[in-house]
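A structural walkthrough
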Amino acid sequence: SSGINAEYGVKKDNPVDQCEQEYEDMCYTPIRHDTIETDALIYTESKISREIEEMRAQIAVIKKSSKEKTEQERDLNVEERGLALMGDATEDEELFNCDIQLDTTYSWADKYKPRKPRFYNRVHTGYEWNKYNQTHYDQDNPPPKIVQGYKFNIFYQDLIDPTSTPTYKLKKCPEDKDFKILTISAGPPYEDIAFKVLNREWEYSNRYSFKSQYSQGIFQLWFQFKRYRYRR
């Protein structure tokens, strides 16, 4: 054998020469196409940039939806905890979820959008054995029930200042002296909220379940009125 590769015209024992010859003879250079298939995908820089922006927008929507869902779940958990703290309603308790409109402006309204807090309240009713009722009624034929107290539960999950503690105040009701206006304030982003309650003296003793506390996003104000009990 002459040691010459007759097909390529190079020596077999020279791999470099052999590869160069194969490269030229086998046409390894990519074939140029002057036309493009009609169904071919063409990506330009602007098209890629637009698709990236669309993907970012979709991700932002997903994140926002996930955040809103998380906040809703959190709010639901807080309200469920508030209901659990109140316990089951007794036959002497009824819902009291009627607040009154306030005409209030807030210095922080240009920075935070004011919103009304959610709440869940109850009114406690019972018999009052004053002298008149003692004369005209008895245990077998009791007098009509009257309001004896309230339980207010206001939810403040998103206070801007987490160290802030809600407060309450009472003022006279201009149109009805038998009632007072109970206003509860917490700070941004929450509006003040007010309720019309009976104008009677409160019992502030723990013995009568008085409670004014704020914990884990829930403000509780529970009180009963001083009352006279019937004695035989």
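This structure is a prediction, so every number in the text was calculated from the model and none was measured. The residue numbering used here restarts from 1 in each chain and proceeds along that chain's sequence as written. Residues qualify for local features only when their pLDDT is at least 70, as the model is predicted, and side-chain atom pairs are given and counted only at 80 or more; totals for whole chains, interfaces and linings, by contrast, use all residues. By convention in this description, side-chain values take in all heavy atoms of the structure and omit both hydrogens and water.

Notes on the overall build of the chain
Strands here are runs of E lasting at least two residues and helices are runs of H or I lasting at least four, both read from the DSSP assignment and numbered beginning at the N terminus. Scanning the chain from N- to C-terminus turns up three helices and twelve strands. Categorising residues by exposure relies on relative accessible area from a 1.4 Å probe, with only protein chains included: less than 20% of the type maximum marks a residue as buried, more than 50% marks it as exposed, and the intermediate range marks it as partly exposed. Expressed as a percentage of the 232 residues in the chain, the buried residues total 25%. Within the chain, counting contacts between residues at least 6 apart in sequence, those at least 24 apart form 61% of the total. Throughout, the Shrake-Rupley method with a 1.4 Å probe supplies accessible areas, and for residues the shown protein chains are the sole cover considered. Surface accessibility of the chain: about 17,300 Å² in total, with carbon and sulfur atoms responsible for 49%. We call two residues in contact when some of their heavy atoms are within 4.5 Å.

Some words on unusual backbone geometry
Cis geometry is adopted by the peptide bond preceding Pro 189, which originates at Pro 188 and carries an omega value of 5 degrees. Following the sequence through the fold, Pro 189 ends up in the loop between strand E8 (179–185) and strand E9 (193–198). At Gln 216, a residue that is not glycine, the phi angle is positive and equals roughly 50 degrees.

Here's the deal with the sheet that holds strand E7 (residues 167–172)
At least two bridges found by DSSP between two strands are what make those strands a pair. Here three strands make up an open sheet; going across it, the order is E7-E8-E9 and the pairing antiparallel. Looking at the sheet topology across the chains shown, the edges are occupied by E7 and E9. Across the sheet, the mean angle separating the axes of adjacent strands is 25 degrees when strand polarity is ignored. To obtain each axis, a line is fitted to C-alpha atoms, and for helices this fit is confined to the stretch in contact; angles are then taken between N-to-C directions over 0 to 180 degrees.

Focus: the side chain of Ser 185
Mapped onto the elements of the fold, Ser 185 is located in strand E8. At a separation of 3.1 Å, a polar atom in the side chain of Ser 185 contacts the side chain of Asp 192. Not counting the four nearest positions on each side in its chain, Ser 185 is found in contact with Pro 166, Thr 167 and Asp 192. In the analysis that follows, any N or O atom pair within 3.5 Å is treated as a polar contact, provided that within protein one partner can donate a hydrogen and the other can accept it, and provided that, for residues neighboring in sequence, both atoms belong to side chains.

Here we look at the pattern of salt bridges
Throughout this description, the term salt bridge denotes a Lys or Arg side-chain nitrogen within 4 Å of a carboxyl oxygen of Asp or Glu. Counting across every chain of the model gives seven salt bridges. The salt bridge involving Lys 145 is made with Asp 92; its shortest N-O contact spans 2.5 Å. Of this pair, Lys 145 sits in the loop between helix H3 (131–136) and strand E6 (146–155) while Asp 92 sits in the loop between helix H2 (45–86) and strand E3 (93–95), placing them 53 residues apart in sequence. Salt-bridge contacts for Glu 128 lead to Arg 200; the nearest nitrogen and oxygen are separated by 3.4 Å. One end of the pair, Glu 128, is in the loop between strand E5 (122–126) and H3; the other, Arg 200, is in the loop between E9 and strand E10 (202–203), and 72 residues separate them in sequence.

Concerning the confidence of the model for the chain
On average, residues of the chain score 79 in pLDDT, and 73% of them are at 70 or above. The model gives residues 1–8 a pLDDT under 50, and that stretch makes twelve contacts with residues more than four places away or in other chains. The quantity called pLDDT is the predictor's confidence in a given residue, expressed from 0 to 100.

Thoughts on the environment of Tyr 214
Position of Tyr 214 relative to the elements: it lies in strand E11 (residues 211–215). By relative accessible area, Tyr 214 is classed as partly exposed at 24%. Expressed as a C-alpha distance, the spacing of Tyr 214 and Thr 165, which sit 49 residues apart in the sequence, is 6.6 Å. Ignoring sequence-local partners within four residues, the contact set of Tyr 214 consists of Tyr 156, Leu 159, Ser 164, Thr 165, Pro 166 and Phe 219. Looking at Tyr 214, its side chain comes within polar contact range of the main-chain oxygen of Tyr 156, at 3.2 Å.

Considerations on the environment of Thr 167
Of note, Thr 167 is situated in strand E7. Linking Thr 167 and Leu 221, residues 54 residues apart in sequence, is a C-alpha distance of 9.7 Å.

Digging into the nonpolar core
The biggest cluster of nonpolar side chains holds 21 residues, and the ones touching the most others in it are Tyr 150, Phe 152, Tyr 156, Leu 221 and Phe 223. Listed by contribution, the elements that provide at least two residues to this core are E6, E8, E9 and strand E12 (218–225). Top element by residues in this core is E12. It accounts for four residues. Discounting chain neighbours no more than four positions away, the residues touching Leu 221 are Tyr 150, Lys 151, Phe 152, Tyr 168, Leu 182, Trp 202, Phe 210, Lys 211 and Ser 212. What is meant by a nonpolar core is a set of buried Ala, Val, Leu, Ile, Met, Phe, Trp, Tyr and Cys residues, joined one to another through side-chain atoms within 4.5 Å.

A short note on the packing of aromatic side chains
Two aromatic rings, drawn from Phe, Tyr or Trp (for Trp, its six-membered ring), form a pair once their centres lie within 6.5 Å of each other, and the interplanar angle then sorts them: stacked below 30 degrees, edge-to-face above 60, tilted otherwise. Under the definition given, this model contains 16 aromatic pairs. Where Tyr 168 meets Trp 202, the ring centres are 5.8 Å apart and the plane angle is 25 degrees; that geometry is what we call stacked. With a gap of 34 residues between them, Tyr 168 in strand E7 and Trp 202 in strand E10 connect regions that are remote in the sequence. Ring geometry for Trp 202 and Phe 223: centres 3.6 Å apart, planes at 10 degrees, overall stacked.

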